[in-house]
Amino acid sequence: VAYVHGFTAVCPGLGKYFRRGDTVCRRPFGWDSAPMHYLRRCSDARRPSTLARLMRTTAALQAALLHASRFLVGSRYMADLLAQNGFPAGKVAVLPPHFLPDDLSLAYTPPTEPFNVLYAGRLEIEKGVPYLLRALAHLPGHVRLEVAGDGSQLDRYEALASELGLAGRVAFLGWLDEEALGQALRRCALLVMPSIFPEPFGKSGIDALTHGRPVVAFDVGGISDWLHDGVDGYLVSARDTSALAERIGQLLDNPGLHEQMGRAGQMGVSTRYAASRHLATLLAALQAAIDDDE
């Protein structure tokens, strides 16, 4: 049984999106997609020999995975992606890479900093932080952003915050351990996920919902599996900075709506991501693999 979470076997660029245009790639893997590396910049490959190596590696990984009896993925998006790339759809099951104790009791608490917005994730191009910074520039001056995470784009994002006049409103916290991230989630009013690549799942969103924090996210990849527009947060069309700012402001300006969505999020994750449900899905996949072999 193979758990397929990332894009190593279906995308030589590893991100399933085009850096030239910041759009999601919807093409299946194949040698006919090689020109996209140059036309749309879906990888860092420049030399033909480098591109050929990336393509051969992806093809070899895909061939190796196809020897598995059953496949587990984190979201419906990943299940559809595997099917598009020749994996047998009937042998793919969705098993979110996250679960909570069955006896976990979740109590909603209002944010200690009701005008704080949180981003938690890697500081890399595909995570879309510039779109969040530009959205913040559309919001009133009392709205602040905390950025929890580290990565190769830190200096660039700090410079962009200054260019946008946001230096005093954005705090780059660096990587946070579980306790510190929990504190940040208790402070903030909501979490924003501005990813421009198709997230295979998006675990930071589940962490936020568990703390009773609504999520505002670009509607990419597997995010819509767990984020329900208008129920426990908002889904926004990718790269729509104005809509992102509007939805953030709507939650910040309405404490009653915030609490309603926060409670809905806690109720949803405690049901959908219970450990017993996770275990049942895993055992079913393992049993199916055993049955295949008999």
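Now for a look at the structure at hand. Since we're looking at a predicted model, the values are computed, not measured.

Tallied over the entire structure, the rule returns eight salt bridges. One salt bridge in this structure joins R19 and D44, with 2.5 Å as the shortest N-O distance. Remark: D44 occurs in the loop between helix 1 (36-39) and helix 2 (48-65) and R19 occurs in the loop between strand 2 (17-18) and strand 3 (23-24); sequence separation between them is 25 residues. We classify R19 as partly exposed; its relative accessible area is 26%. The salt bridge involving R187 is made with E146; its shortest N-O contact spans 2.9 Å. With R187 in helix 6 (residues 178-187) and E146 in strand 7 (residues 144-148), the pair connects residues that are 41 residues apart, well separated along the chain.

Time to look at the side chain of T241. Mapped onto the secondary structure, T241 falls in helix 9 (residues 241-252). Not counting the four nearest positions on each side in its chain, T241 is found in contact with Y131, R134, A135 and H138.

So, on to empty space enclosed by the protein. All told, the structure shown has two cavities of 30 Å³ or more when counted by the stated rule. Taken as a whole, the largest cavity holds about 120 Å³ of empty space. Along the wall of the largest cavity there are 14 residues; nearest its centre are C11, P12, C25, S33 and C42. Only strand 2 and helix 1 provide two or more residues apiece to the lining of the largest cavity. A breakdown of the residues in the lining of the largest cavity according to their chemical character gives 10 nonpolar, two polar and two charged. Of the volumes computed, that of the second largest cavity is approximately 30 Å³. Lining the second largest cavity we find V117, L132, L136, L139, L145 and I248. Looking at side-chain class alone, the lining of the second largest cavity contains six nonpolar, no polar and no charged residues.

For the rest of this paragraph, the subject is helix 3 (residues 76-84). For the α-helix, the turn length of 3.6 residues means that residues three or four positions removed from each other point alike. Buried within helix 3 are the following residues: Y77, M78, A79, L81 and L82. If you follow the buried residues of helix 3, they end up packed against strand 4 (71-73) and strand 5 (92-94). Looking one or two places after helix 3, you find G86, whose phi comes out positive at around 95°.

Before going further, it helps to spend a moment on the packing of aromatic side chains. One pass over the full model with this rule turns up four aromatic pairs. Where F71 meets F87, the ring centres are 5.2 Å apart and the plane angle is 85°; that geometry is what we call edge-to-face. One end of the pair, F71, is in strand 4; the other, F87, is in the loop between helix 3 and strand 5, and 16 residues separate them in sequence. Its relative accessible area of 3% is what places F87 among the buried residues. For the ring pair F201 and Y273, a centre distance of 6.2 Å and an interplane angle of 80° mean the geometry is edge-to-face. Of this pair, F201 sits in the loop between strand 9 (190-193) and helix 7 (203-210) while Y273 sits in the loop between helix 10 (255-272) and helix 11 (275-293), and the two are 72 residues apart along the sequence. The exposure class of F201 is buried, given its relative accessible area of 1%. Here the guanidinium or amino end of R247 rests over the ring plane of Y234, the centre of that ring lying 4.1 Å away.

Looking now at the sheet that holds strand 10 (residues 215-218). The six strands lie next to each other as 8-7-6-9-10-11, forming an open sheet whose pairing is parallel. Each edge of the sheet is formed by a strand with only one pairing partner; in this case those strands are strand 8 (170-174) and strand 11 (233-236). Taking the axes of each pair of neighbouring strands and ignoring which way they run, one obtains an average angle of 20° across the sheet. As defined by bridge partners, strand 6 (residues 116-120) adjoins strand 9 across two bridges and the pair is classed as parallel. Across the sheet, the residue bridging to V117 is L190, located in strand 9. Helix 9 rests against strand 6, strand 9, strand 10 and strand 11 of the sheet, and its axis sits at about 170° to strand 11.

On to the sheet that holds strand 5, then. As summarised here, the arrangement of the three strands in space is 1-4-5, forming an open sheet in which the pairing is parallel. In this open sheet, the two strands that pair with only one neighbour each are strand 1 (2-3) and strand 5. Across two bridges, strand 1 lies against strand 4 in parallel orientation. Note that in strand 4 the partner of A2 across the bridge is F71.

Attention now goes to the pairing of strand 7. Most of strand 7 is tucked away, with four of its five residues classed as buried. Relative to strand 7, strand 6 is paired through five bridges, and the arrangement is parallel. Bridged to A120 within strand 7 is A148. Once you follow strand 6 into helix 4 (residues 129-137) and on to strand 7, the crossover reads as right-handed. In this fold, strand 7 hands off to helix 5 (residues 154-163), which returns the chain to strand 8; that crossover is right-handed.

How each quantity is defined
Residues numbered from 1 in each chain as written. Predicted model: local features only at pLDDT ≥ 70, side-chain atom pairs only at ≥ 80, totals over all residues. Heavy atoms only, no water. Salt bridge = Lys/Arg side-chain N within 4 Å of Asp/Glu carboxyl O. Helix = DSSP H or I, 4+ residues; strand = E, 2+ residues; numbered from the N terminus. Buried < 20%, exposed > 50% of the residue type's maximum accessible area, 1.4 Å probe, protein only. Contact = heavy atoms within 4.5 Å. 1 Å grid on protein atoms, 1.4 Å probe; cavity = no way out; pocket = protein on both sides within 12 Å on 5 of 7 lines; lining within 4 Å. Points joined across faces, edges and corners; volume = space filled by probe spheres on them. Nonpolar A, V, L, I, M, F, W, Y, C, P; charged D, E, K, R; others polar. Phe/Tyr/Trp six-rings, centres within 6.5 Å; stacked < 30°, edge-to-face > 60°. Lys NZ or Arg CZ within 6 Å of the ring centre and 35° of its normal. Pairing = 2+ DSSP bridges. Axes fitted to C-alpha atoms, helices over the stretch in contact; angles between N-to-C directions. Right-handed = clockwise from strand over helix to strand, strands pointing away.

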